[in-house]
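Residue strings, one per chain:
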Amino acid sequence: MDRLEVRDLVYFAAVAEHRHFGRAAEQLGIAQPPLSRAISRLERRMDVRLFERTSRRVELTAAGEVFLRESNEILAALDGAVRRTQQAARPRRLVLAAPAGTGAGLLGEMLDAYRRGEDPAPVEVLFTADLGAAVRTGTADAALMCSSDDLDGLDTVDLVDETPVALLPAGHPLATRDSLTMGDLDGEDRFRAQPPPLSMDELLDRVALGELVVISGSSATGRLGSSVVAVPMLGMPVKRIVMAWPRATRSAARDQFVDTAVAVAARS
């Protein structure tokens, strides 16, 4: 069989997403008959039925489910390859993805140490909840992640272990407790299980103002002022913080930052 074209995967994924040839054709900006012929041609070339078609519905077969998963991974990898290639042609810089709250204190130390090093690249920090996607698509060069996250397709290096703490306004009734559980926070209207995508300084400001209660990693305690209290959380696992980046890729600026991060973590 001749190698498939990217267009084949895009057409197939659109029909699989909409489960409807007309809506898929509208999204793709083509007429429905050419799309139907393209999918039929794809099935003949692969010698596999990808869709079950009736007058009322279009559904994926078991083989179609597998091909959709593989197609999405291929298309995402292609998008990431394009972004990384474009980045390589631009002025040198480093984009680091990080979650709000987790590893934030350590992140500040890493950035300070890297910027004091030899010939550092400009660093942009991207706060996001979808760290894996940011790295895999090439939006970020590396990310601070947890070892329990989906690290498939990524190279990693261990940094530190963090225990979870609740960040509360100093005047909060729970701020005087020696420890808390998730049950203690369930009735708290200001509690957000997933911190908003803010820098740690912004997050702490929101907590200090009484607008938020969040769970963070213990490295954040080094940056607390008198207006925010950190209380250890019971019944929650210790998180291992890792640095992750796309497998088998090269970047001098990223590698320099990773080396710096490892050295800083070793001193923590």
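Please refer to the structure higher up on the page.
A.B. asks: Tell me about the nonpolar core, and name the residues and values.
C.D. replies: Taken as a class, soluble globular proteins show a tendency for nonpolar side chains to be buried jointly. In terms of nonpolar packing, the biggest core is built from 25 residues, with Met110, Leu144, Leu159, Met243 and Phe257 touching the most fellow members. Of all elements in the fold, only strand S3 (94–98), helix H5 (104–115), strand S5 (142–146), strand S6 (154–162), strand S11 (239–246) and helix H9 (252–267) reach the threshold of two or more residues within this core. Counting residues in each nonpolar core, the second largest holds 21 residues, with Leu35, Leu50, Phe67 and Leu75 among its members.

A.B. asks: How would you summarise the sheet that holds S5 if you had to cite specific residues and measurements?
C.D. replies: Taking strand neighbours across the sheet as the criterion, the five strands line up as S4-S3-S5-S11-S6 in an open arrangement whose pairing is mixed. Whereas interior strands pair on both sides, the edge strands pair on one side only; in this sheet they are strand S4 (123–127) and S6. On average, adjacent strands in this sheet sit at an angle of 25° to one another, irrespective of strand direction. The pairing of S6 with S11 spans eight bridges and is antiparallel. Among the inter-strand pairings, Thr156 is bridged to a residue of S11, identified as Ala244.

A.B. asks: Describe the side chain of Asp8, with residues and values.
C.D. replies: If you trace the backbone, Asp8 turns up in helix H1 (residues 6–18). A residue is classified by how much of its surface remains accessible, and Asp8, at 12% relative accessible area, is buried. Polar side-chain contacts of Asp8 include one of 2.9 Å to the backbone nitrogen of Glu5.

A.B. asks: Explain the packing of aromatic side chains to me, using residue names and the numbers behind them.
C.D. replies: Counted by the stated rule, this structure contains four aromatic pairs. Ring geometry for Tyr114 and Phe257: centres 5.2 Å apart, planes at 70°, overall edge-to-face. In this pair, Tyr114 sits in helix H5 while Phe257 sits in helix H9, placing the two residues 143 residues apart along the sequence. The same class applies to Tyr114 and to Phe257, which are both buried. Three or more aromatic residues joined by ring pairs make a cluster, and in this case those are Phe12, Phe21, Phe51 and Phe67.

A.B. asks: Kindly report on unusual backbone geometry, identifying the contributing residues and their values.
C.D. replies: Even without being a glycine, Asp47 presents a positive backbone phi close to 60°. For Asp47, the position within the fold is in the loop between helix H3 (32–46) and strand S1 (51–53). The exposure class assigned to Asp47 is exposed, which follows from its relative accessible area of 71%. Residue Ala248 is not a glycine yet carries a positive backbone phi of 60°. Tracing the backbone shows Ala248 in the loop between S11 and H9.

A.B. asks: Which residues make up the sheet that holds strand S7 (residues 164–169), and what are the values?
C.D. replies: Spatially, four strands are ordered S8-S9-S7-S10 in an open sheet, and the strand pairing comes out mixed. A single partner strand is all that each edge strand has here, and the edge strands are strand S8 (191–192) and strand S10 (228–232). Examined bridge by bridge, S8 and strand S9 (residues 213–217) share two bridges and lie parallel to one another. Note that in S9 the partner of Arg192 across the bridge is Val214. On the sheet, helix H8 (residues 200–208) packs against S7, S9 and S10 and is oriented at approximately 50° with respect to S7.

A.B. asks: Account for the environment of Arg57, with residues named and values stated.
C.D. replies: Checked against the element boundaries, Arg57 lands in the loop between S1 and strand S2 (58–60). Under the relative-accessibility criterion, Arg57 is labelled partly exposed at 44%. Measuring from C-alpha to C-alpha, the distance between Arg57 and His20 comes to 7.3 Å, with 37 residues separating the pair along the chain.

Here is what the cut-offs are and how they apply
- Residues numbered from 1 in each chain as written.
- Predicted model: local features only at pLDDT ≥ 70, side-chain atom pairs only at ≥ 80, totals over all residues.
- Heavy atoms only, no water.
- Core = buried A, V, L, I, M, F, W, Y, C linked by side-chain atoms within 4.5 Å.
- Buried < 20%, exposed > 50% of the residue type's maximum accessible area, 1.4 Å probe, protein only.
- Helix = DSSP H or I, 4+ residues; strand = E, 2+ residues; numbered from the N terminus.
- Pairing = 2+ DSSP bridges.
- Axes fitted to C-alpha atoms, helices over the stretch in contact; angles between N-to-C directions.
- Polar contact = N/O pair within 3.5 Å; in protein donor to acceptor, adjacent residues only side chain to side chain.
- Phe/Tyr/Trp six-rings, centres within 6.5 Å; stacked < 30°, edge-to-face > 60°.
- Contact = heavy atoms within 4.5 Å.

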